[in-house]
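# Analysis of the macromolecular model
Residues per chain are reported as follows:
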Amino acid sequence: MSDFNWQLIPSFLAAHQHGSLLAAARALGISQPTVGRHVTQLEAQLGTPLFERTGRGLVPTPAALRLAEAARAMEAGAQTLMRGAQQAQATLSGTVRISASQPVACFLLPPLLAQMRTALPGIQIELVVSNAVSDLLRREADVAIRMLRPAQGTLVARRIGQVGVSACAHRGYLARRGTPLTPSDLLAHELVGNDRVQEIYRGFAAMGHPVGPEQFALRTDDLIAYWAAVRAGLGIGFVASYLLRHDPLLVAVLPDLPVPAMPVWLVVHREIRTSRRIRAVVDFLARELPPML
């Protein structure tokens, strides 16, 4: 019985209590065929019939009466376990410092932190807006959200998803300058690039179009300043795709441009990963952050 399907038990108990598949389905909020299928599967697993089907409904067999007693005890135990888990969540308390880059901290995290406040009301969050691994190494943060996996052995990283990157521009800019149709068309446009960070330069080189700093109308490594420049219509930039959801005046261009997605890592210091409140925050973020941003 190691592969016993416990998920069939609620349908069995509802059918036993209400005396018909239709009434059981209404009580559970599922379809009548689904309840019937669950009962049939349970009978097959146990190797014995559980109900006699009559014109007046379902009549439990002696095997069903024995199983119902055990199933109710199991249901009560599960409810006790859930209440204990909910109580443990409610009693989690203390402060957790989360470190994240500017776009993540400003656009992606606030709605999740609002949800977290409801799920973990005893935990206070301190948000550190930074992209430096040193935050964790110097214990200036408990949890970090990073797009690069840290190499330090004292840090533990958990990959939870990835961020798409889109070339985009303001509608007004595209109305003035036209929409690029091929990657080479980008060379005839105003571009927003980085200063010391080299990813955009390497991306152009990989497409067979090496460019230098002079190709970019603005260069900055400040991610919010970068985003603001694109929103102001200064030129075409390369930003996290989720940012486009926040401004209907920004338009993605060249959707087939081979820009690799960036992995998203949750990072904690090895020595504090067993803290209950930090574990709860890490598990919440891993569960609620979409796998593709």
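Conventions adopted
Residues numbered from 1 in each chain as written. Predicted model: local features only at pLDDT ≥ 70, side-chain atom pairs only at ≥ 80, totals over all residues. Heavy atoms only, no water. 1 Å grid on protein atoms, 1.4 Å probe; cavity = no way out; pocket = protein on both sides within 12 Å on 5 of 7 lines; lining within 4 Å. Points joined across faces, edges and corners; volume = space filled by probe spheres on them. Helix = DSSP H or I, 4+ residues; strand = E, 2+ residues; numbered from the N terminus. Nonpolar A, V, L, I, M, F, W, Y, C, P; charged D, E, K, R; others polar. Expected span 1.5 Å × (residues − 1). Buried < 20%, exposed > 50% of the residue type's maximum accessible area, 1.4 Å probe, protein only. Salt bridge = Lys/Arg side-chain N within 4 Å of Asp/Glu carboxyl O. Core = buried A, V, L, I, M, F, W, Y, C linked by side-chain atoms within 4.5 Å. Contact = heavy atoms within 4.5 Å.

On to the layout of surface pockets, then. The space that makes up the largest pocket amounts to roughly 1,200 Å³. Along its surface, the largest pocket is lined by 37 residues, and Asn194, Val197, Glu199, Leu223 and Met262 are the ones closest to its centre. Elements with a minimum of two residues in the lining of the largest pocket: helix H5 (102-119), helix H8 (199-206), helix H9 (223-231), strand E10 (237-240) and strand E12 (262-269). Looking at the lining of the largest pocket, the element that brings in the most residues is H8, giving 6 residues. Its residues placed into classes, the lining of the largest pocket shows 26 nonpolar, 6 polar and 5 charged.

Next up on the list: helix H3 (residues 32-46). Side chains of residues three or four places apart in an α-helix project in the same direction, reflecting 3.6 residues per turn. Spanning 15 residues, H3 covers 21 Å between terminal C-alpha atoms, matching the ideal 21 Å at 1.5 Å per step. Those residues of H3 that fall on the buried side of the exposure criterion are Thr34, Val35, Gly36, His38, Val39, Leu42 and Glu43. Immediately downstream of H3, the backbone of glycine 47 shows phi near 75°, a positive value.

Let us now look at the environment of glutamate 214. Looking at where glutamate 214 falls in the secondary structure, it is placed in the loop between H8 and strand E9 (216-219). The class of glutamate 214 is exposed, set by a relative accessible area of 67%. Distance from glutamate 214 to leucine 191, taken between C-alpha atoms, is 9.9 Å for residues 23 residues apart in sequence.

Here the focus is the pattern of salt bridges. Where charged atoms of side chains with opposite charge meet at close range, the side chains can pair. This model, assessed by the stated rule, comprises 9 salt bridges. A salt bridge links glutamate 43 to arginine 53, with the shortest nitrogen-to-oxygen separation between them at 3.1 Å. With a gap of 10 residues between them, glutamate 43 in helix H3 and arginine 53 in strand E1 (residues 51-54) connect regions that are remote in the sequence. With a shortest N-O distance of 3.6 Å, glutamate 199 and arginine 202 are connected by a salt bridge. With glutamate 199 and arginine 202 both in helix H8 and 3 residues apart, the pair spans about one turn of that helix. Ionic contacts of the salt-bridge type, sharing partners, join the residues Arg158, Arg279 and Asp283 into one network.

Glancing now at the nonpolar core. The nonpolar side chains of soluble globular proteins are, as a tendency, buried together. The biggest cluster of nonpolar side chains holds 60 residues, and the ones touching the most others in it are Ile98, Leu109, Ile145, Phe238 and Leu285. Setting aside anything within four residues of it in sequence, one finds leucine 109 in contact with Ile98, Ala100, Val104, Leu127, Ile145 and Leu285. Grouped together as the second largest cluster of nonpolar side chains are 20 residues, Ile9, Leu13, Val35 and Ala68 included.

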